[in-house]
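# Fold and contact review
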Amino acid sequence: MKFPIPSSFQDLERDPYGLLPYPLGFADDDEVTRADSFDQLVLLLERGNLTLAHGSIEIFETSDGTTDQEGGDIQEWNCEDRIQALYTLVRKSASLAVASRSRLVAVICQAVCSMSSILASAAKQNQNASSQNDATNPALNTGYIVPQTFRDALACHLYMLYTIMILMESEIKADKSLGNTKRKGNKSQQVKEGAQYIQNSREACASAMLAASHAMAVYKSNLWKRGVPDENIISIPCRIAYQMLENSTGAIARKLASGDIAMQIIASTLDSTDCLLNTVVSALVDMMHSFEHMAPLAAELCCLVKQDLANSRGNKLTIELLREIGRLDGGAASASDTSGKASGIKNVAPFLNELAEKKPQLVLEHISLILPHLHGEPYNLRSAIVIAIGHLLISCSSEGCGYENENESGIIGGDDSKANKLADTKDKLYDILLEHVYDVSSYTRVAVIKTWASLIQAQSLPIDKLIPVTKLAIDRLQDKTVMVRRSAMQVLTLVLENNPFTDSLSPSPYKRKMMEVRQFILENMPADFKESMEESIHAIDEGNEAEKVEIENAAINATIAEHNTKASSQSFESHEAYSELIKKLKIFQFLKSALDFINTFENANASFQSMLLSSNKSDVTEALRFFVRARHFQLPCAVTGIKQALSLMWSDEKSVQDEVMTAFVDVFICGTNGSIKLPSKQIVDNLIRLVGKANASELTSIEEAISRLVKEEIIPSEVFLILWSIAAKAPGKPRSVAMTILSMGATSDSGVVDSASRLRHLLQAGLGEYTEEHRDWATAKSAAYALQRIVERLCFVIQGDWCDDAREADTCAWFGAAEEAINAVFAICPAPEQVARLVIIGMQGSTFGFTPVNGEQSCHSLRLSRFFFVIGHIALKLLVYSEALSSAVRNANSARTVAKQEEADRAQVETGGNSGDHDDIEKELGLAQAAEAEAENMMAAIADKEIVGSGLIDLFTPLVIRVVANECGKFSSEIIMQSSVLTLCKLMCISRSFCEKHLPLLFTALANAPKKDITLRANTVIALGDLAFRFPNEVEPYTSKLYSCLRDASTRVRLHTLMVLTHLILNDMVKVKGQVCEIALCLRDQEIRIRDMARLLFHELSKRSNNPIYNLLPEIVSRLSSMSVKKDDFRAIMSFLLNFIKKERQAEMIVEKLCQRFPKCTSISQKANISHCLAHVKINEKCIKILNDHFNLYKDALFDEDVLRNFLSIVTKTKKFAKPELKEALEEWETKLKLQADMGLEDEEANRKAEHTKKRVTRHSEQKEIEEESGNDSESIEEEDDGGDSDDEMEFDQEGDENLVPTTNTPDRNKGRIVPPRKLCQKRDALSSLN
């Protein structure tokens, strides 16, 4: 029976098949009978299979029947009854019993496999016969074609197998058999059995389909005439293979769905014919669009198809897939459509990565097909392409894409051109990666940077790309996206670890070696270059070293260029001197590249610092890890970065603190060994270098880190023994640094300095003869800081008896030592006030031992400065000491009261609760509380009146005030002014009344401070912060003067002011008012530290529940508008601040308040700024309603292009998320905006013309009056007036105010279009109808 492939399974009941739903005589009286009938049909098929299994191709060669083993006649094997049975069973397969269904599947699979085997056997027999014919009679050798009956039988059974596989896959999708197996009892067991049956059936069917596909591919010349296959038949295995691949969603599902067999089916089909190539390509592209798991499967399929030179179908499949991907419409996919194109392209993109990794040579040859997508909108494709480019470049570097092998094989002609073409292609691909690191999508930028990272790890980055890639990575540290910054920092770490230079990147050895090589080249360069260089040097001035170096560098570069030219032409001189010069030139180029590489990192300190100061934890973590690696490579920027990172010890994030400690240990304790600690001597050297170059703030952080390490016993005890040896014997700075480190360790473990022998060491080394003789104030400071518990020698240090009055720097260094010495006295002595009294009296005698000068008494300015410093610091320490005593008394009283209460409670329990005793105890406790309150009041009185108001220190306060006032300008020394102001501030911190009385004097001194005396202003600002913290009510009226210091010319003063204000605001000591506008201006300061500090303040304010920024925004807008702030600065500040408005309600209120500011604006530029603010608010539906309702407030400004552009940007952004009803309102509002803008332009043009005419008439009348006064003739006056008017008009049009538009021109948006009055009326009518 002929069997053409039907278009659908139901077509088998139509012509030419004419099949019935059930065979004639099919018994279905009840379920049992029906099941028996189905079994009879299966039995019929099994008998036929038995015949097929024992037969051969002869079964199909006679149409009138053959003889079986018993000798009887049978009908045609694939008769109508067999086909009818197959159709009925397959059609009703879902209702068959599991056993019957299993038999049916086995029958069909067995039949297909048997026919595949018969086809192979027939083809081999024919081949053997052909070989014999070739030997006997070549003319008899003709191609053997199987009978049509065999093709029809194969087609029938293939189609039935395909249909039953489709039904099984549909059941799986519908979850009828493999779905929910969590059932109870027999039902659960039945479900499991059904699932096992389905799985076994899928595997058997897939294997049978693969066998048929393979047979049709291998023996197509025996199956069809001229080997041209029937597409309807040969496509059947592919059709079911697509379904199998769709279900291969993961590793397990791929195995269950026989995904590997499905790919083999498609591959074998494509190996045999090209007729299905386009169909397979279309199917694969569609599946990749629809299923995200298909991309790697499609790439694997491309590798399964044979790649032999005679049959390039595998290459064709790959090329056609690339071509189809190149034809994808990226624009439609990126639009806001609901067709799923965007997700489809996202699914297709990974195919490029997988294919480039598996078949790099082929993708490289046809990469032009997909490169246009680099300029398309879908970022997924752009990202996939750049990752694919990375795979290609890695492959080219490791394998050379086959061109190197061709060159080695000795093939002549074309190999050089191929190699050059490959090099050009690689350069272009590198340029693409360099270009797309600035892609608009952050995901693509991350993909590019990760591609660079993979190239570096694979050692595939060319040397000439090393520095450009490093600079790009450093530049991307400023990216707005966290992922990009993190990836860029990882690239920098990889660049360091894989650098082509040495393990040490310290610039000093390179510079020394470069100077030697440079000198050799200058002495041994070619004679003509040398003569030209010497002539040029003689022609310049002798002292112009910079120009001399430039000439020498030019000569060296010329020598290198000549060497490169000779190298390319292979014309080398053979003598030894020239060979040595060539060697030195190569070394020079290597050293220069190394120094350029090092300088690239050194010039990036600002970027690294911004990463450390980032609010994102991953930025900080990556920066710290980079600095650890950089330190291991001895980069100078690493030490600077680690010092800056130490300030993060005080971070609120525990993870950041831990990362800082880890970095500190890796750099200074463990080094490159990881967990293995460095030798103790090397740890000591690291710590001494670190502490020796640290400033005051860094020392505080280092002390915290060292104290933690000592507490955790990470620093070996041998380190402190070596430090003690250095402190006792080493001269100069190492002695003081060692003592400082010891004191840092002692903060956590007092045993570091607490033994008698070590105290003697401190006394002798830190405060002994060496310190006295050399006036080593750094050592004295460190020793005093380490002791904090030897009074006589400390008093010598405090009094400054060892100071050299001829050297101001000596006194400046003494200040730090005296401060720590006073701290030590108050920490050691049981009665520090007595020691302080003796010190002040002693210093009084040495300071005011007056020497007559010109009949007046005077004292040395440095001695007076030291005296003021000691008075101020002692007064401050007395306050601290008094508060400590008061606290101790209060704690003792509290402990005594608690003890009495506990005793009373016990007594009450024992006596049964005597009420009289209880009342006595309550009375006694009340008296104790009153006594405690009285003690607190007494303490406040001591601080306010005793320390400063009376006593020894109060005797010298008038002198301090007189020096600070400096009314006659007698005190011109900067150091005495700084010391007196600092002392005044300390005294004011003690007494509230003294502070309130002398605040005007302090601000006057701040205002009158010389511009060059930055230290005085900076110290005063810091002191004002302390005063505001201690006495906020007294300082509050002067807050505006403190804010004014943010405009100081000195960066240091501005930075200190901002730090003080930040501290006060965040601790609620200063109310956040409109003056915060001054801090907002700091967001545009030239100093990056000030900008970062201002950002930090606003970030912290935004975290508060009431969000003060929202309340301050209107006032900030008002003040900035009234100031002469540049437009770019205003907009940058407001864009930053508006990002903190997160809540919708706040955004709505801000929009309303900004709209109400339009009538208050005095210029169009202010209105443009307000519209810019509106454009940066997060707009919602209510905001649009507010803007529409307040249209009349801003409609007069819409003629300005900037204003209109900002409003239209609001429309554009809102349309992206707008609902249909909101879109209608937006379109209506947009129409109103544009109509009003056109009308505003015309009104503005009319106003300008009117103003123009008014000015012309005024000039005309004035000219008439002048001419009448001069007595000129009236007719000549009229002629001159006419000419004057014309001239004046032309002059006004050309030279008038820049804001006036010439009357013959129209604005840009209406260029070439003059709107007539009638049109204007129509626009007004349209606008009124909209309103």
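Note that the structure is predicted; figures quoted are calculated from it, not measured.

Calculation rules
Residues numbered from 1 in each chain as written. Predicted model: local features only at pLDDT ≥ 70, side-chain atom pairs only at ≥ 80, totals over all residues. Heavy atoms only, no water. Helix = DSSP H or I, 4+ residues; strand = E, 2+ residues; numbered from the N terminus. Buried < 20%, exposed > 50% of the residue type's maximum accessible area, 1.4 Å probe, protein only. Areas by Shrake-Rupley, 256 points an atom, 1.4 Å probe, with all protein chains shown as cover. Phe/Tyr/Trp six-rings, centres within 6.5 Å; stacked < 30°, edge-to-face > 60°. Lys NZ or Arg CZ within 6 Å of the ring centre and 35° of its normal. Contact = heavy atoms within 4.5 Å. Core = buried A, V, L, I, M, F, W, Y, C linked by side-chain atoms within 4.5 Å. Expected span 1.5 Å × (residues − 1). Arc of directions from axis to C-beta. Axes fitted to C-alpha atoms, helices over the stretch in contact; angles between N-to-C directions. Parallel < 35°, antiparallel > 145°, perpendicular 65-115°, else oblique. Nonpolar A, V, L, I, M, F, W, Y, C, P; charged D, E, K, R; others polar. Salt bridge = Lys/Arg side-chain N within 4 Å of Asp/Glu carboxyl O. Patch = residues over 30% accessible without salt bridge, like charges linked within 9 Å, V, L, I, M, F, W, Y side chains within 5 Å. Lys, Arg positive; Asp, Glu negative; His and termini not counted. Charge placed at Lys NZ, Arg CZ, Asp CG, Glu CD. pLDDT = per-residue confidence, 0-100. Left-handed = near helix turned anticlockwise from the far one by under 90°. Disulfide = S-S within 2.5 Å.

### Regarding the overall build of the protein
- When helices and strands are tallied, the protein shows 61 helices and 2 strands.
- Sorting the 1331 residues of the protein into buried and exposed places 47% on the buried side.
- Accessible surface computed for the protein: about 66,400 Å², of which carbon and sulfur atoms make up 50%.

### What to know about the packing of aromatic side chains
- If you walk through the whole model with that rule in mind, you get 32 aromatic pairs.
- Residues Phe9 and Tyr159 carry aromatic rings whose centres are separated by 6.2 Å and whose planes lie at 25 degrees to one another, so their mutual orientation is stacked. Taken as a pair, Phe9 in the segment before α1 (31–54) and Tyr159 in helix α4 (residues 148–173) lie far apart in primary sequence, 150 residues in all. Here Phe9 matches Tyr159 in class, with each residue buried.
- Feature note: the residues Phe501, Phe590, Phe597, Phe601, Phe608, Phe626 and Phe627 constitute an aromatic cluster, connected by ring pairs.
- The ring of Tyr22 has Arg91 sitting right over it, with the charged end atom 5.9 Å from the ring centre.
- Over the ring of Phe520 we find Lys584, and its NZ or CZ is 5.4 Å from the ring centre.

### A closer look at the environment of Gly18
- Within the secondary structure, Gly18 sits in the segment before α1.
- When the C-alpha positions of Gly18 and Gln84 are compared, they lie 9.3 Å apart, and in sequence the two are 66 residues distant.
- Beyond its immediate chain neighbours, meaning those up to four positions away, Gly18 contacts Leu12 and Glu13.

### A look at the nonpolar core
- Judged by nonpolar contacts, the single largest core of 238 residues is most densely connected at Phe150, Leu161, Leu317, Phe351, Phe601 and Phe608.
- Ranked by the residues each element gives to this core, the list is headed by α4, at 14 residues.
- Look past the residues within four positions of Phe601 in its chain and what remains in contact with it is Thr470, Leu492, Val495, Leu496, Phe608, Phe626, Leu635 and Cys637.
- Counting residues in each nonpolar core, the second largest holds 144 residues, with Trp777, Met977, Leu1083 and Ile1186 among its members.

### Focus on helix α51 (residues 1088–1102)
- Taking 1.5 Å per residue as the helical rise, α51 with its 15 residues ought to reach 21 Å, and the 21 Å between its terminal C-alpha atoms agrees with that figure.
- Inspection of α51 places Ile1090, Met1093, Ala1094, Leu1097, Phe1098 and Leu1101 among the buried residues, and these make up the whole buried set. Burial along α51 is one-sided: seen end-on, the buried residues are contained in an arc of 130 degrees.
- Looking at the packing, one finds that the buried side of α51 touches α49 (1051–1066), α50 (1077–1081), α52 (1108–1122) and α53 (1127–1138).

### Description of the packing of helix α54 (residues 1144–1157) against helix α55 (residues 1164–1175)
- Direction vectors running N to C along α54 and α55 enclose 170 degrees, while the axes themselves pass 10 Å from each other. Taken together, the axes of α54 and α55 are roughly antiparallel relative to one another. Side by side, α54 and α55 meet where Val1151, Leu1154, Cys1155 and Arg1157 of the first sit next to Ile1170, Cys1173 and Leu1174 of the second.
- Taken together, the residues of the contact of α54 with α55 break down into 6 nonpolar, no polar and 1 charged.

### Section: the pattern of salt bridges
- Applying the stated rule across the entire model yields 46 salt bridges.
- Between Arg202 and Glu169 there is a salt bridge whose closest N-O contact spans 3.3 Å. Placement of the pair is Arg202 in helix α5 (residues 185–218) and Glu169 in helix α4, with a sequence separation of 33 residues.
- The class of Arg202 is buried, set by a relative accessible area of 7%.

### Brief notes about unusual backbone geometry
- With an omega dihedral of 5 degrees, the bond running from Asp15 to Pro16 counts as a cis peptide bond.
- Relative to the helices and strands, Pro16 resides in the segment before α1.
- Positive phi values are uncommon outside glycine, yet Gln459 reaches one of about 55 degrees.
- With respect to the helices and strands, the residue Gln459 is situated in the loop between α20 (442–457) and α21 (466–475).
- Positioned with a positive phi, Glu713 is a non-glycine residue whose angle comes to about 60 degrees.
- Inspection of the secondary structure assignment puts Glu713 in the loop between α32 (696–711) and α33 (717–729).

### As for the side chain of Thr88
- When you line up the elements, Thr88 lands in helix α2 (residues 80–91).
- Dropping the residues within four chain positions of it, Thr88 is found in contact with Leu20, Pro21, Tyr22, Pro23, Phe38 and Leu41.

### Re a negative patch on the surface
- A contiguous patch of negative charge on the surface is contributed by Asp29, Asp30, Glu31 and Asp36.
- Turning to its location among the elements, Asp30 is positioned in the segment before α1.
- Residue classification places Asp30 among the partly exposed residues on the basis of a relative accessible area of 40%.

### Examining the environment of Asp28
- You can see Asp28 is positioned in the segment before α1.
- Note on Asp28: relative accessible area 38%, which makes it partly exposed.
- As for Asp28 and Phe38, which are separated by 10 residues in sequence, their C-alpha atoms are 9.5 Å apart.
- With residues up to four places along the chain from it excluded, the contact list for Asp28 reads Thr33 and Arg34.

### Notes on the confidence of the model for the protein
- Residues at a pLDDT of 70 or more form 81% of the protein, whose mean pLDDT is 79.
- Per-element confidence in the protein ranges from a low mean pLDDT of 39 for helix α18 (residues 403–408) to a high of 93 for α20.
- Low pLDDT, under 50, characterises residues 334–340; the stretch is placed with 2 contacts to residues that sit more than four places away or in other chains.
- Confidence drops under pLDDT 50 across residues 1273–1331; counting only partners more than four residues distant or on other chains, this segment forms 71 contacts.

### A closer look at α52
- Over its 15 residues, α52 runs 22 Å from end to end, which matches the ideal 21 Å to within 8%, given 1.5 Å per residue.
- Taken together, the buried positions of α52 are occupied by Pro1108, Ile1109, Tyr1110, Leu1112, Leu1113, Ile1116, Val1117, Leu1120 and Ser1121.
- Structurally, α52 contributes buried residues whose contacts are with α50, α51, α53, α54 and α55.

### Here we look at the packing of helix α45 (residues 992–1008) against helix α46 (residues 1014–1030)
- In the contact formed by α45 and α46, the axes pass within 11 Å of each other and the chain directions differ by 155 degrees. Taken together, the axes of α45 and α46 are roughly antiparallel relative to one another. Crossing of α45 over α46 shows left-handed handedness. Packed against α45, whose contacting residues are Cys995, Leu999, Leu1002, Phe1003 and Leu1006, the element α46 presents Arg1017, Thr1020, Leu1024 and Leu1027 at the interface.
- Classifying every residue of the contact of α45 with α46 gives 7 nonpolar, 1 polar and 1 charged.

### Description of the state of the cysteines
- Tallying each qualifying case throughout the model produces 0 disulfides.
- Its sulfur unpaired, Cys985 is 7.0 Å from the next cysteine sulfur, which belongs to Cys989.
- The exposure class of Cys985 is buried, given its relative accessible area of 3%.
- Looking at the unpaired Cys995, the closest cysteine sulfur is the one in Cys989, lying at 7.3 Å.

### Focus on the environment of Ile947
- With respect to the element layout, Ile947 can be found in the loop between α42 (915–946) and α43 (957–965).
- A residue is classified by how much of its surface remains accessible, and Ile947, at 9% relative accessible area, is buried.
- Taking the C-alpha atoms as reference, Ile947 lies 9.1 Å from Leu876; in sequence the two are 71 residues apart.

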